[in-house]
Amino acid sequence: MRFVDAVQAFYVERYGGADRTPVDPAEFAPPRGLFLLGSLPGTVPVCCGGWRRHDATTIDAADRDVLRPGDAEIKRMWVDPAHRRRGLAGALLDALERAASSAGCPRTVLETGTEQPEALAFYRARGYVAIPRFGVYRDEPDSLCFARVLARR
């Protein structure tokens, strides 16, 4: 997919390598997850993002004090640079959070990094709070993780 490739190229530019987090597209199939593409009227898709639900079998032993069964992990949020600053990221995150809440997920979690100040500002402004690092980057000092409790639907 063009956007996933673009996200990975961005990570190479900012961090010197692609995201190593294992991601299986099947994890994003409803009802355990969702992957969305967004477009503007008369355009091809210009943004993407998804969430995948964690349960006892998907949470690594090292992450059991951080992740909880039912957490929806936000992955691959991306807006094409030519279409940024139009509210697309907010609309996409709203849709992902609504879907996760409707699927019974009590909170969203995500991992980003120090080399993405735009993402850090965006998520903090949306009410995300820092949590301990999890996943393949749990020991990386430039990794930052966040969570947000979702409104019950």
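Each remark here, short or long, concerns the structure printed above.
Residues numbered from 1 in each chain as written. Predicted model: local features only at pLDDT ≥ 70, side-chain atom pairs only at ≥ 80, totals over all residues. Heavy atoms only, no water.

Novice: Outline the overall build of the protein, listing residues and values.
Specialist: When helices and strands are counted, the protein shows three helices and six strands. Traced from its N-terminal end to its C-terminal end, the protein shows the element sequence α-β-β-β-α-β-α-β-β. The C-alpha atoms of the protein give a radius of gyration of 15 Å, which matches the 15 Å a tight globule of 153 residues would have. Overall, the C-alpha framework of the protein stretches about 45 × 40 × 30 Å when taken along its three principal axes. Expressed as a percentage of its 153 residues, the buried residues of the protein come to 42%. Of the roughly 8100 Å² of accessible surface on the protein, 55% is carried by carbon and sulfur atoms. Here the protein contributes 22 positively and 20 negatively charged side chains, and the mean placements of these two sets differ by 7 Å. (Helix = DSSP H or I, 4+ residues; strand = E, 2+ residues; numbered from the N terminus. Rg over C-alpha atoms; globule rule 2.2 N^0.38 Å. Buried < 20%, exposed > 50% of the residue type's maximum accessible area, 1.4 Å probe, protein only. Areas by Shrake-Rupley, 256 points an atom, 1.4 Å probe, with all protein chains shown as cover. Lys, Arg positive; Asp, Glu negative; His and termini not counted. Charge placed at Lys NZ, Arg CZ, Asp CG, Glu CD.)

Novice: An account of unusual backbone geometry is needed here, citing residue identities and associated values.
Specialist: Across the junction of Pro30 and Pro31, the peptide omega takes the value 10 degrees, indicating a cis bond. As for its position among the elements, Pro31 is in the loop between α1 (2-15) and β1 (33-39). Residue Arg76 is not a glycine yet carries a positive backbone phi of 60 degrees. Secondary-structure assignment places Arg76 in strand β3 (residues 72-79).

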